[in-house]
Amino acid sequence: MEILRTVAELRQWSREERKDGGNTIGIVPTMGALHAGHASLIRAARAYVGFVAVSIFVNPTQFGPNEDYARYPRTFDADCALAKAEGASVVFAPSVEELYPAGAATFVDVEGLSNRLDGLSRPGHFRGVATVVAKLLIASEADHAFFGQKDAAQVAVLRRMVADLRLATEIVVCPIVREPDGLALSSRNIYLSPAERQHALTLSRAVRQVQSLAASGERRSSFLIDAARDFFAAVPEIRIDYVELVDWITLTSVETAVPGTLFAVAAYVGPTRLIDNIILE
Ligand code: AMP
């Protein structure tokens, strides 16, 4: 498995692989510190396309000034071993200067959507995400790009971006991978102390509660959100960022849940911000 460092190398790789017999190309964008959630995306990609690039890039433009860019976990050698074991064809690991050349002044702003959910509490976050993913899709010329439902608002922003920019890449969304006790896997889980790790279960518990209430016929948004908030009220160590029931395309609040409605939560467990969600059936 090759490690590519430049956009030119990634583009050349993609074109060469495609040339031989109409192969399809997939890309799995990540920030590294790979875990079983990322592995599931790489496996899904392998089942879908002929050749898979895994990008590993801690994207500075999606972090706020007081966020964890500098201390975000970087585990490059282990990441490459995981990517290889899951069948990635190449890892694309550019430098910051490679993706943001000196004087870079072009950004992708998905208006409206970028200020909802995580975008509300993390100003500029989705601008950074959309910009780097646009660069990755354009550079890789991928037929399919694989993202986790874990970042459900990100999926909505990127779908809008791909549609608006008329990009040729199709977005594929993969299910959330969880620990046996329900906690959604995240590269940030390593920040949690043992006590915080227990408190963090509140997110998946709230999500499961809303899922089961909705499954038993409860459709009122206010009722479902209050039920979730009750879980958090019992755990003072957690600070809610948002608890929302929204349309998964527009990310605007709904009054009544329907199949496909997104229930999403974000909360600070100590200094660590975690997210979780469910798409209601
Ligand atoms: P990140 O490295 O955090 O930027 O995540 C890279 C990709 O992996 C994103 O599409 C995430 O949604 C996805 N991902 C992260 N955690 C999980 C998880 N627990 N289950 C499934 N996908 C995930």
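Not measured: the values here are computed from a predicted model.

Peer 1: How do you make sense of the overall build of the protein chain when you look at a structure like this?
Peer 2: Along its length, the protein chain carries 10 helices and nine strands. For 281 residues, the compact-globule estimate of 2.2 N^0.38 gives 19 Å, and the protein chain sits close to it at 19 Å. Oriented by its inertia axes, the alpha-carbon framework of the protein chain measures out at about 55 × 40 × 35 Å. Counted over contacts in the protein chain with a minimum sequence separation of 6, partners at least 24 positions apart contribute 72%.

Peer 1: How do you make sense of the side chain of threonine 131 when you look at a structure like this?
Peer 2: Following the sequence through the fold, threonine 131 ends up in helix α6 (residues 125-140). In this structure threonine 131 comes out as buried when scored by relative accessible area, which is 2%. Within the structure, the side chain of threonine 131 is placed 2.8 Å from the backbone nitrogen of valine 108, a separation counted as a polar contact. Threonine 131 has contacts with Tyr100, Thr106, Phe107 and Val108, leaving out every residue within four places of it along the chain.

Peer 1: Could you clarify how one ought to interpret the nonpolar core in this entry?
Peer 2: Looking at soluble globular proteins, one finds that nonpolar side chains tend to be buried together. In this structure, Leu99, Leu117, Val133, Met161, Trp248, Leu251 and Leu262 are the most contacted members of the largest nonpolar core, which totals 46 residues. For this core, the leading source of residues is α6, giving nine residues. Look past the residues within four positions of tryptophan 248 in its chain and what remains in contact with it is Gln149, Ala152, Val155, Ala156, Arg159, Val173, Gly260, Leu262 and Ile279. Within the second largest apolar cluster, 28 residues are counted, among which are Leu183, Ala228, Phe263 and Leu280.

Peer 1: Mind showing me how you'd approach the packing of aromatic side chains here?
Peer 2: One pair of aromatic rings is described through two measures. These are the centre distance and the angle between the planes. If you walk through the whole model with that rule in mind, you get four aromatic pairs. On the basis of an interplanar angle of 75° and a centroid distance of 5.8 Å, the ring pair of phenylalanine 63 and tyrosine 72 is categorised as edge-to-face. Under the relative-accessibility criterion, phenylalanine 63 is labelled buried at 10%. For tyrosine 72, a relative accessible area of 7% translates into the label buried. Here the aromatic cluster, defined as three or more aromatic residues joined through ring pairs, consists of Phe63, Tyr69 and Tyr72.

Peer 1: Just checking my understanding: could you explain the confidence of the model for the protein chain for this structure?
Peer 2: Low pLDDT means the predicted coordinates in that region are not meant to be read closely. Put simply, the protein chain has an average pLDDT of 97, and 99% of its residues get 70 or more. For the protein chain, per-element mean pLDDT is lowest for helix α1 (residues 7-19), which scores 95, and highest for strand β4 (residues 90-92), which scores 99.

Peer 1: Could you clarify how one ought to interpret the site of the ligand in this entry?
Peer 2: In the vicinity of the ligand there are 17 residues, among which His38, Gly148, Asp151, Val177 and Leu185 approach most closely. In the environment of the ligand, an oxygen atom lies 2.6 Å from a nitrogen or oxygen atom belonging to the side chain of aspartate 151. When the ligand is considered free in solution it has 480 Å² of accessible area, and contact with the protein chains removes 92% of it. Elements represented by at least two residues in the shell around the ligand include exactly β2 (25-30), α2 (36-48) and β5 (144-148).

Peer 1: What exactly am I supposed to notice about the sheet that holds strand β8 (residues 262-269) here?
Peer 2: Sheets are built from strands paired through backbone hydrogen bonds, the pairs being either parallel or antiparallel. With antiparallel pairing, the three strands of this open sheet are ordered in space as β7-β8-β9. At either margin of the open sheet sits one strand with a lone partner, and together these are β7 (238-246) and β9 (272-279). When strand polarity is set aside, the average angle formed by the axes of neighbouring strands in this sheet is 15°. Strand direction decides the pairing type here: β7 and β8, joined by eight bridges, are antiparallel. Paired with valine 246 across the bridge in β8 is leucine 262. Along the sheet face, helix α9 (residues 201-215) touches β7, β8 and β9 and points at about 15° away from the line of β9. The strands touched by helix α10 (residues 221-233) are β7 and β8; relative to β7, the strand with the most contacts, the crossing angle is about 160°.

Peer 1: Explanation requested: the sheet that holds strand β6 (residues 170-174) in the structure shown.
Peer 2: The six strands are arranged β1-β4-β3-β2-β5-β6 in an open sheet whose pairing can be described as parallel. Because the sheet does not close on itself, it has two edges, and the strands there are β1 (2-4) and β6. Neighbour to neighbour, the strand axes of the sheet diverge by 25° on average, direction disregarded. Bridge count between strand β3 (residues 51-56) and β4: three bridges; the pairing is parallel. If you follow serine 55 over to β4, its bridge partner there is phenylalanine 92.

Peer 1: What is the right way to read α1 from this model?
Peer 2: The end-to-end C-alpha distance of α1, which contains 13 residues, comes to 18 Å, matching closely the 18 Å that a straight helix rising 1.5 Å per residue would cover. Every buried residue of α1 is listed here: Val7, Leu10, Trp13, Ser14 and Glu17. What you see down the axis of α1 is that its buried residues fit within an arc of 130°, all on one side. α1 presents Ala8 and Lys19 as exposed residues on the side facing more than 90 degrees away from its buried surface. Considering only its buried residues, α1 is in contact with β1, β2, β3, β4, α4 (96-99) and α6.

Conventions and cut-offs
Residues numbered from 1 in each chain as written. Predicted model: local features only at pLDDT ≥ 70, side-chain atom pairs only at ≥ 80, totals over all residues. Heavy atoms only, no water. Helix = DSSP H or I, 4+ residues; strand = E, 2+ residues; numbered from the N terminus. Rg over C-alpha atoms; globule rule 2.2 N^0.38 Å. Contact = heavy atoms within 4.5 Å. Buried < 20%, exposed > 50% of the residue type's maximum accessible area, 1.4 Å probe, protein only. Polar contact = N/O pair within 3.5 Å; in protein donor to acceptor, adjacent residues only side chain to side chain. Core = buried A, V, L, I, M, F, W, Y, C linked by side-chain atoms within 4.5 Å. Phe/Tyr/Trp six-rings, centres within 6.5 Å; stacked < 30°, edge-to-face > 60°. pLDDT = per-residue confidence, 0-100. Near = heavy atom within 4 Å. Areas by Shrake-Rupley, 256 points an atom, 1.4 Å probe, with all protein chains shown as cover. Pairing = 2+ DSSP bridges. Axes fitted to C-alpha atoms, helices over the stretch in contact; angles between N-to-C directions. Expected span 1.5 Å × (residues − 1). Arc of directions from axis to C-beta.

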